[in-house]
Number of protein chains: 2
Amino acid sequence: MFNPAKSEPKRRVEQHEKFPAMTKILIIEDEPAIVELVTMYLDKEGFETAAAYGGLEGLVAVKRDQPDLVILDLMLPELDGWEVCRRLRKDTDIPIIMLTARGDDVDKIVGLELGADDYVAKPFNPRELVARVKAVLRRGKGRPQASGTLRLAGLEVDAARREVRVRGERVPLRTREFDLLHTLVMQPGMVFSRDQLLNQVWGYDYLGGTRTVDVHVAQLRQKIKDCGVHIETVWGVGYKLCVDDD
Amino acid sequence: MFNPAKSEPKRRVEQHEKFPAMTKILIIEDEPAIVELVTMYLDKEGFETAAAYGGLEGLVAVKRDQPDLVILDLMLPELDGWEVCRRLRKDTDIPIIMLTARGDDVDKIVGLELGADDYVAKPFNPRELVARVKAVLRRGKGRPQASGTLRLAGLEVDAARREVRVRGERVPLRTREFDLLHTLVMQPGMVFSRDQLLNQVWGYDYLGGTRTVDVHVAQLRQKIKDCGVHIETVWGVGYKLCVDDD
DNA sequence: TGAGAATGTTTGAAAATCGTAAAAAGATTG
DNA sequence: CAATCTTTTTACGATTTTCAAACATTCTCA
C-alpha cells in the first residue's frame with residue numbers, strides 16, 4: 001500500500017507511538033511473573049499480547065496467533081529458546097527479541113547462528129524491553145517507496161510525494177482523501193465496497209460507521225472535478241473510479 | 001510498498017522483488033561459514049552469487065565477474081577491505097556494502113573517505129543484509145547519490161565536508177540536523193515518515209520517540225529559512241523537502 | 001406514485017497531530 | 001569533574017482533520 005505512517009483512527013491512545021492497529025506480541029517464557037510484568041507494560045502501550053509457557057506451546061501459538069513480534073526466553077522447558085528460534089526462522093520472518101541471561105553469547109544469538117532481531121539481558125527493565133520492541137517493529141518500515149506517478153486522464157497521483165494534480169494543477173488533499181483516491185486510482189473501474197475501503201484506508205480495526213466513506217467521497221469529488229475522471233456510485237454496493245465518457 | 005500497518009502483515013509468503021534478470025553479487029569474505037550463510041540467503045532471493053576469500057582474489061573476481069554489487073568484509077587477509085574498497089572505487093561505481101565489526105568507524109566507511117554504499121555491523125542478521133542489498137540495488141538506478149555537493153535553490157549541502165550553505169553563507173548544523181537535512185535533500189519532494197527518518201538518521205535500533213524528529217525539523221527550519229527551499233509537513237504522515245513556489 | 005432505503009451534503013464538536021519552548025538527560029571538552 | 005554543548009523528552013497551546021449526526025436528495029420497487 002502507500003501510507004508510510006497511517007494515523008490510528010478511533011482508538012484511545014494518549015502519547016503512544018503509532019503502530020499498526022493492534023500489533024500482536026507473543027511472549028514465550030516459563031516464568032509467570034515475568035510474563036505478567038511484560039504483558040502489563042505492553043498493554044499499557046496499546047499492544048495486544050499473548051503468552052506461551054513452553055517452547056512447544058510457543059511454536060503452536062505462533063502458528064495460531066500470527067503475532068507481529070515474538071519475545072522469546074532462551075531458557076525454556078521442553079524446547080529451549082535456541083531451538084524455538086531456529087524453527088521459527090526456518091519458515092517465518094517474524095521479528096524475535098530474545099531474553100537472555102547475562103553471560104550468554106549474545107553475538108551468536110543476534111548474529112548469524114540464530115538470527116534473532118535483538119536481545120535483552122535478564123534481569124531487564126521492562127521499559128527498555130518495550131523500547132526495543134518498538135525499535136524492532138520500526139525497522140521494517142524504512143523501505144523505499146514504490147515511486148511512480150499514476151496517471152488517468154487529467155488526474156495524476158504520486159504516491160511517493162503524496163501529491164495529486166488535476167490537469168497539471170496541484171490539489172492539496174488530506175490524509176484520508178489521498179489514501180482513498182489512491183486506492184481507487186490503483187484499480188480504476190473496480191468497484192470497492194464501503195467495507196473494503198474502510199479496511200484499505202482506515203485500517204482493519206476501524207470502529208466507525210460506513211457513512212464516513214460517503215463523506216470523504218463527497219469531499220474528494222469536490223476536489224478532483226473536471227479532470228476527466230470521476231468517482232461513480234454503484235448503488236447498493238460502493239464506489240468506483242471511472243474515466244468520463246462523452 | 002511501504003505501509004507499515006496494513007499491507008505488511010503477510011510476512012510469511014514474501015514475494016520476490018524483481019531485479020534485472022540474474023543480478024550478480026560478489027562476496028569478499030574470508031570466513032567460509034559466513035560466505036555460505038550469506039550465499040544461501042541470497043540464493044533464496046533469486047540472486048546469483050560468487051565468492052572470493054581474500055582481498056586480491058576479490059579484486060580479480062570483480063574484474064572477471066562484473067558483479068552488480070559487492071559485499072565486502074573489512075577485515076581480510078592480503079589486502080584489507082579498506083584498500084579493496086578504495087581500489088574498486090577508483091575505477092568502478094559498483095555498489096559496495098561493507099561488513100564491519102561493531103565499533104568500526106562507520107562514518108568513514110560510508111562517508112566520502114571510502115565511499116561504500118552501506119554497511120552492516122557484524123554479527124549481523126542475514127535477513128537484514130539481504131534487505132540492505134535490495135535497498136542499495138534499488139537506489140542505484142535513478143540518482144547519482146555519489147559525492148559532490150547537492151544544490152537546490154539557495155541551499156547547498158556538501159556531504160563530504162558536512163557543510164551547509166544558505167545563499168552562499170555557511171550555516172553550522174549539528175550532527176542530527178545535518179543528517180536529517182541530507183536525507184531530505186537527497187530526494188526532494190519525497191515524503192518521509194517519521195519512522196523512515198528515524199531509521200535513516202538515528203539508526204535502525206534507535207530507542208526514542210518519534211516526536212524527536214519534529215523538534216529537529218523545527219530547528220532545521222530555523223536555520224535554513226529563506227533559501228528557496230523549505231521543509232513541508234505532510235499531515236498525518238511525515239515531512240518532505242520542497243522548493244518554494246511563488 | 002409514494003414509502004423506504006441508500007446516498008449526498010453540510011456542520012461543528014471532538015480528536016489527532018503538530019510547533020515550540022523549556023526542562024531533563026546525555027555527551028563532550030577542557 | 002565542572003562547564004558547555006547537544007540531544008531528547010515533555011508539556012501545552014494552536015492548528016488541522018475527522019466523523020457522526022442531521023437533514024436533503026435520489027433511487028428502487030411495489
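Residues numbered from 1 in each chain as written. Chains lettered and ligands numbered in written order. Predicted model: local features only at pLDDT ≥ 70, side-chain atom pairs only at ≥ 80, totals over all residues. Heavy atoms only, no water.

A. Just the overall build of chain A, in detail. Across its full length, chain A carries eight helices and twelve strands. For chain A, with 246 residues in total, the buried portion stands at 50%. Across chain A, every contact between residues at least 6 apart in sequence was considered, and the portion connecting residues at least 24 apart equals 56%. Total accessible area on chain A is roughly 11,700 Å²; 50% of this is exposed by carbon and sulfur atoms. (Helix = DSSP H or I, 4+ residues; strand = E, 2+ residues; numbered from the N terminus. Buried < 20%, exposed > 50% of the residue type's maximum accessible area, 1.4 Å probe, protein only. Contact = heavy atoms within 4.5 Å. Areas by Shrake-Rupley, 256 points an atom, 1.4 Å probe, with all protein chains shown as cover.)

B. Highlighting unusual backbone geometry. All names here are of chain A. The backbone of Arg162 sits at a positive phi, close to 55°, despite the residue not being glycine. In this fold, Arg162 is placed in the loop between β7 (155-158) and β8 (163-166). Residue classification places Arg162 among the buried residues on the basis of a relative accessible area of 10%. Phi at Asp226 takes a positive value of approximately 60°, unusual for a residue other than glycine. By the element assignment, Asp226 lies in the loop between α8 (211-223) and β11 (229-234). Accessibility expressed as a relative area gives 57% for Asp226, which makes it exposed.

C. Focus on the sheet that holds strand β9 (residues 169-171) of chain A. Residues and elements named next belong to chain A. Strand order in the open sheet made by the four strands is β6-β7-β8-β9, with antiparallel pairing throughout. Looking at which strands have only one partner, the edges of the open sheet turn out to be β6 (149-152) and β9. Within this sheet the neighbouring strands show an average axis-to-axis angle of 25°, counted without direction. Pairing geometry for β8 and β9, over three bridges, is antiparallel. Pairing of Arg165 across the sheet is with Arg170, part of β9. (Pairing = 2+ DSSP bridges. Axes fitted to C-alpha atoms, helices over the stretch in contact; angles between N-to-C directions.)

D. Structural detail: the protein's contact with DNA strand C. Lining the immediate environment of DNA strand C, one finds 26 residues, of which Arg194, Arg211, Thr233 and Tyr239 of chain A together with Thr233 of chain B sit closest. By atom count, sugar and phosphate contribute 60% of the portion of DNA strand C lying within 4 Å of the protein. In the model, a phosphate oxygen of DNA strand C is placed 2.8 Å from a nitrogen or oxygen of the Arg221 of chain B side chain. Contact between DNA strand C and Tyr239 of chain B: a phosphate oxygen at 2.8 Å from a side-chain N or O atom of the residue. Mapped onto the surface near DNA strand C, the elements with two or more residues apiece are α8 of chain A together with α8 (211-223) and β11 (229-234) of chain B. For the surface near DNA strand C, the element with the most residues is α8 of chain A, which contributes five residues. Of the residues contributing to the surface near DNA strand C, the split by class is eleven nonpolar, five polar and ten charged. (Near = heavy atom within 4 Å. Polar contact = N/O pair within 3.5 Å; in protein donor to acceptor, adjacent residues only side chain to side chain. Nonpolar A, V, L, I, M, F, W, Y, C, P; charged D, E, K, R; others polar.)

E. Representation of the packing of aromatic side chains in the model. Residues and elements named next belong to chain A. Summed over the entire model, instances satisfying the criterion amount to two aromatic pairs over all chains. With 6.1 Å between their ring centres and 50° between their planes, Trp202 and Tyr206 make a pair best called tilted. Tyr206 gets classed as buried once you look at its relative accessible area, which sits at 16%. The positively charged end of Lys44 is found above the aromatic ring belonging to Tyr41, 4.5 Å away from the centroid. (Phe/Tyr/Trp six-rings, centres within 6.5 Å; stacked < 30°, edge-to-face > 60°. Lys NZ or Arg CZ within 6 Å of the ring centre and 35° of its normal.)

F. Summary view of a negative patch on the surface. All names here are of chain A. Residues Asp226, Glu232, Asp244 and Asp245 make up a contiguous surface patch of negative charge. Relative to the helices and strands, Glu232 is located in strand β11. Overall, Glu232 belongs to the partly exposed group, its relative accessible area being 31%. (Patch = residues over 30% accessible without salt bridge, like charges linked within 9 Å, V, L, I, M, F, W, Y side chains within 5 Å. Salt bridge = Lys/Arg side-chain N within 4 Å of Asp/Glu carboxyl O. Lys, Arg positive; Asp, Glu negative; His and termini not counted. Charge placed at Lys NZ, Arg CZ, Asp CG, Glu CD.)

G. Examining the sheet that holds strand β10 (residues 192-193) of chain A more closely. Residue and element names in this part refer to chain A. Strand order in the open sheet formed by three strands is β10-β12-β11, and the pairing between neighbours is antiparallel. Since the sheet does not close on itself, it has two edges, and those belong to β10 and β11, each with one partner. The pairing of β10 with strand β12 (residues 238-243) spans two bridges and is antiparallel. By the bridge assignment for β12, Ser193 is matched with Gly238. Across the sheet, helix α6 (residues 175-186) is in contact with β10, β11 and β12; its angle to β12 comes to roughly 65°.

H. Highlighting the nonpolar core. By size, the foremost hydrophobic cluster in this structure holds 29 residues, and its most contacted members are Leu155, Leu180, Leu181 and Leu241 of chain B. Looking at which element gives the most residues to this core, the answer is helix α6 (residues 175-186) of chain B, with five residues. Ignoring any residue separated from it by four or fewer positions in sequence, one finds Leu241 of chain B in contact with Leu152, Leu181, Leu184, Val185, Pro188, Gly189, Val229, His230 and Ile231 of chain B. By size, the runner-up hydrophobic cluster in this structure holds 27 residues, among which are Leu152, Leu173, Leu184 and Cys227 of chain A. (Core = buried A, V, L, I, M, F, W, Y, C linked by side-chain atoms within 4.5 Å.)

I. Examining the pairing of strand β1 (residues 24-28) of chain A more closely. All names here are of chain A. When you tally the buried positions in β1, you get four out of five residues, the bulk of the element. Of the strand pairs in this sheet, β1 and strand β2 (residues 48-52) are connected by five bridges, and their pairing is parallel. Bridge assignment links Ile28 to a residue of β2, and that residue is Ala52. The handedness of the β1 to β2 crossover, carried by helix α1 (residues 32-44), is right-handed. Two strands pair when backbone bridges link them, and β1 and strand β3 (residues 69-73) are joined in this way by four bridges, in the parallel orientation. Each residue of the ladder has a partner; that of Ile28, found in β3, is Leu72. (Right-handed = clockwise from strand over helix to strand, strands pointing away.)

J. Seen up close, the packing of helix α2 (residues 55-65) of chain B against helix α3 (residues 81-91) of chain B. Residues and elements named next belong to chain B. At their nearest, the axes of α2 and α3 sit 9 Å apart, and the two run at 20° to each other. Considering the angle they form, α2 stands roughly parallel to α3. The handedness of the crossing between α2 and α3 comes out as right-handed. On α3, the residues touching Gly55, Leu59 and Val62 of α2 are Val84, Arg87 and Leu88. Class assignment of the residues belonging to the contact of α2 with α3 gives a composition of four nonpolar, one polar and one charged. (Parallel < 35°, antiparallel > 145°, perpendicular 65-115°, else oblique. Left-handed = near helix turned anticlockwise from the far one by under 90°.)

K. Representation of the pattern of salt bridges in the model. Residues and elements named next belong to chain B. A complete count under the given rule lists 30 salt bridges over all chains for this structure. Linking Arg86 and Glu83 is a salt bridge whose minimum nitrogen-to-oxygen distance equals 2.9 Å. Of this pair, Arg86 and Glu83 both sit in helix α3, three residues apart, which is roughly one turn of the helix. For Arg86, a relative accessible area of 38% translates into the label partly exposed. Assessed through its relative accessible area of 26%, Glu83 is described here as partly exposed. Close ionic contact of Asp158 with Arg161 constitutes a salt bridge, the shortest N to O distance being 3.4 Å. You can call Asp158 buried: its relative accessible area is 13%.

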